[in-house]
Each structure stands twice: as structure tokens, then as C-alpha cells.
Amino acid sequence: MRIFPAQTGRMQGNINELTQHEGMATADLATGNHNVNDDALMGVLWAPVLLFLAGCFAAFHWSGFRHVDVDWDGYGKVAAIVLSIYLVAKGLRIQFVQLFINTWSQNIIVAIAATMLTYAAATVGRPLVDAQLLRADQLMGYDWRTYAGLFAGSDMMARIVTEAYNSIFLLPHLVILVLAVTGRIQTLEKFILAAIISLTITIAVFALLPATTAWTHLHVSDTEVSSFRNLPLTSEGWIDDLIRIRDGSLRSLRNFHGQGLIAFPSFHCTAALILIWACWNVRWLRIPMTLANLAMILATPIVGGHYVVDLIGGLVVTIVSVILAGWLHAWMLRHVTMFRRGAWAMIPAAHRGEPRAEVR
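Residues numbered from 1 in each chain as written. Predicted model: local features only at pLDDT ≥ 70, side-chain atom pairs only at ≥ 80, totals over all residues. Heavy atoms only, no water.

**Looking at the overall build of the protein**
Moving on, step 1. The helix and strand tally for the protein stands at 15 helices and zero strands.
Moving on, step 2. In the protein, the share of contacts with a sequence separation of at least 24, taken over all contacts with a separation of at least 6, comes to 82%.
Moving on, step 3. As displayed, the protein has an accessible area near 18700 Å², and 65% of this comes from carbon and sulfur atoms. (Helix = DSSP H or I, 4+ residues; strand = E, 2+ residues; numbered from the N terminus. Contact = heavy atoms within 4.5 Å. Areas by Shrake-Rupley, 256 points an atom, 1.4 Å probe, with all protein chains shown as cover.)

Shown next, in the form of C-alpha cells:
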């Protein structure tokens, strides 16, 4: 096959894209020298992210939700700002900013997609398993009234558990930033894969084993529940949404921002443990992140209205997800590396910078 100069130039450009990560060091595959990009999926990671988004969107559409109000103007402005920052960072070759924006964007897309899938799963309509979960809690000696009462008597404690629970909206951004600054590309990629896997498992279990809260199951009045502070009321928020989705009265989502509908297993617990795992090798961050996420887990039965057995379920999901993320990352990396090396081998030696054989 003849290769003309123009074709060679285009092919060389494609190889450069395959072997570089937004200005990072290029792998010398011809000589076999190891490079960090040999251990990174780079843009390939967008494939499972976008596949997850497409699947969640399809499930949400087929579940029958209509008249969904979304702030497209707001999302568009945020996307434009993020893209602008990325392009500036790319032009200035600020590698960690590019890495942060890339992973941050993937994480946001996964979160939005999972919200849609959660609402779709709520329409499945399987019988509630509150009785079984409550019984499991009782067998472990846990009483929700006693635990909630520990935090209800103090304004400071009530505020602490609320902030700890809501830290799930902040801590992932912090972890992604630190991992990007320290150049831990593999960890970031495994973090995104673990998020996709854990959300898929969590939502699948939720579809089969839906639940509300102990006080909703026991028909405790909102007046009594509100006296404990921080506990979600049956007539408001995610519990009310879940009940109305299940009975078919909620299919039009006005001012839709999405909220968690899952009791078992607890994704707050799963997210907290994955965050601890992701930053474990960053020594100066290990202890503060562990404490912050343990606080989130302790706040989950109160602000999230979870059973304790939900937390155990979240632990199991975490273990499975981290293991599968490692396997999937290795599998994808093996195939991506083979493709890169095969593509590099297609380039003539003269254009790879290899010395020509001496003609005698």
C-alpha cells in the first residue's frame, strides 16, 4: 500500500492524539520505553460514561415521565464556562486543569444520568421491603428513635449531621481536584468506573427491593417525626416523591432537579467509602477525608432516613464496585494499549523517528 505525504501527516497526527494526553509526555512505543500514558485510558473512558448516559436517558423516557422541566439555559451556561476554561488550560498546557475538568465533567454526567435512572427504577413498583429491613435493624439492636434522639437535643449537633450528610455534593469535587493536581490518572479513571458500577448496582437493587423509612412504614405522624429534627418527613421530599411515583400520580416533573429516592442500599455510604478509597494513597488527605466521610455515614440514618442495614448494603456494593472497577480498567487498558501499539506499528519507520537500516 502506498502512503502519500498528506496521508502520512494525517496518520502521524492521529498517533500523536493516541499517545498524548492533553500535552502530557509522549510514550516512545517504538523503543519500548514506559510512559504514564501506557497506564491511562485517556479519552477512551468517555465511552462507558456516554453509554451509561444513553442507557439512563432511554430508561427514563420509557418509564413514562413527561413534561420534565429542566433548566437548559443554566446547564448551557455552566457547560460554556467549563469548556472555555478547558480550552484556555489546553492552550496554556496546564495539565492538571485539563485532567480535573475532564474527570469532573464525567462525574457530573454520571450523577445526572443516575438521577434519571433512579426515577425510572422507582416506577417498577415492586413491593416495599420496609418490614424486612426494620426487622434486620431490630435484630442488630438498632432503634431509630434512640439514635435520632442523640442529635435532636442540640442545635449544633443537628447542624453538624446536616452538613456532614450534604458533604456528598462537595467532597467528590475536592477528591477529583487533589487527584488531578497530583497526577493520579489511573485512580481518577477507576474512580469514575467505580461510580458507574456502584450506581448501576445500587439502582438495580432499589428497583427490586424498594423501601421508605422506618417511621413511614410504622405510620408515625409527621408531627412526631419532626420533633426528632433532621429526619425526612413522609409528606415531603424524596419519600413523598417515591410514594407518588409508585402509585402513578407523579409523572410530570416541574422544576425538576432530581433527588435521591433510594433507601436500600445506601448510596451515601457507598459514595463515602469510595471517596476514602480514592484518596487513600494521598497521605496528607487520608485522615481528614476518612473522618469527613465517616461523619457522612453516621449522618445517613438521620438526614437520609436510612435503616442501618442500608449501610451494610452500601458496604457490600462498595467492595464489589471497587473490585470490578479494577478489573474493568485493566481489561480496557490492555485493549487500548494493544490498539495504540498496533497503530504505531503502521507508521513507517522514517516517520516514527527510528533510524533507517544502513544500505551496503
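**A word on helix H5 (residues 130-139)**
Moving on, step 1. Burial in H5 covers these residues: Asp130, Leu133, Leu134 and Asp137. Along H5, the residues classed as buried sweep out an arc of 100° about the axis, all on the same side. With respect to the buried face of H5, the exposed residues turned more than 90 degrees away are Gln132 and Leu139.
Moving on, step 2. A positive backbone phi angle near 85° is found at Gly141, which sits one or two residues after H5. (Buried < 20%, exposed > 50% of the residue type's maximum accessible area, 1.4 Å probe, protein only. Arc of directions from axis to C-beta.)

**Observations concerning the nonpolar core**
Moving on, step 1. In terms of nonpolar packing, the biggest core is built from 89 residues, with Phe52, Trp144, Trp215 and Leu231 touching the most fellow members.
Moving on, step 2. The element contributing the most residues to this core is helix H9 (residues 185-208), with 13 residues.
Moving on, step 3. Once you skip the residues sitting within four places of it in the chain, Leu231 turns out to touch Trp144, Ala148, Trp215, Val225, Pro301 and Ile302.
Moving on, step 4. Counting six residues, the second largest nonpolar core, distinct from the first, contains Tyr86, Ala89, Val97 and Trp104. (Core = buried A, V, L, I, M, F, W, Y, C linked by side-chain atoms within 4.5 Å.)

**Observations concerning a nonpolar patch on the surface**
Moving on, step 1. Residues Met140, Ile312, Leu315, Val316, Ile319, Val320, Ile323, Leu324 and Trp327 make up a contiguous nonpolar surface patch of roughly 810 Å² in combined accessible area.
Moving on, step 2. For Ile323, the location among the structural elements is in helix H15 (residues 308-345). (Patch = residues over 30% accessible without salt bridge, like charges linked within 9 Å, V, L, I, M, F, W, Y side chains within 5 Å. Salt bridge = Lys/Arg side-chain N within 4 Å of Asp/Glu carboxyl O.)

**Some points on the pattern of salt bridges**
Moving on, step 1. In this structure the tally under the stated criterion is four salt bridges.
Moving on, step 2. Across the pair Asp240 and Arg244 runs a salt bridge whose closest N-O atoms are separated by 3.2 Å. Remark: Arg244 and Asp240 occur in helix H12 (residues 237-247); sequence separation between them is four residues, near one turn of the helix.
Moving on, step 3. For Asp240, a relative accessible area of 22% corresponds to the partly exposed category.
Moving on, step 4. Assessed through its relative accessible area of 29%, Arg244 is described here as partly exposed.
Moving on, step 5. The partner of Arg244 in a salt bridge is Asp241, with the nearest N and O atoms 3.6 Å apart. Of the two residues, Arg244 and Asp241 both sit in helix H12, three residues apart, roughly one turn of that helix.
Moving on, step 6. When salt bridges that share partners are traced, they join Asp240, Asp241 and Arg244 into one network.

**Overview of the packing of helix H13 (residues 267-278) against helix H14 (residues 283-303)**
Between two packed helices, both the angle of their axes relative to each other and the distance between the axes serve to describe the pair.
Moving on, step 1. At a minimum axis distance of 9 Å, the contact between H13 and H14 shows a crossing angle of 170°. In terms of axis orientation, H13 runs roughly antiparallel to H14. Contact residues: His268, Cys269, Ala272, Leu273, Leu275 and Ile276 in H13; Met289, Thr290, Asn293, Met296, Ile297 and Thr300 in H14.
Moving on, step 2. The class makeup of the residues in the contact of H13 with H14 is eight nonpolar, four polar and no charged. (Axes fitted to C-alpha atoms, helices over the stretch in contact; angles between N-to-C directions. Parallel < 35°, antiparallel > 145°, perpendicular 65-115°, else oblique. Nonpolar A, V, L, I, M, F, W, Y, C, P; charged D, E, K, R; others polar.)

**Details of unusual backbone geometry**
Most of the time, phi is negative for any residue but glycine, and the peptide bond is trans.
Moving on, step 1. Between Phe264 and Pro265 the backbone carries a cis peptide bond, its omega angle lying at -10°.
Moving on, step 2. Tracing the chain through its elements places Pro265 in the loop between H12 and H13.
Moving on, step 3. We note that Arg93 has phi near 60°; this positive angle belongs to a residue other than glycine.
Moving on, step 4. With respect to the element layout, Arg93 can be found in the loop between helix H3 (72-91) and helix H4 (95-122).
Moving on, step 5. Notably, His219 is not glycine yet its phi reads approximately 60°, a positive angle.
Moving on, step 6. Structurally, His219 is set in the loop between helix H10 (214-217) and helix H11 (222-226).
Moving on, step 7. For His219, a relative accessible area of 72% corresponds to the exposed category.

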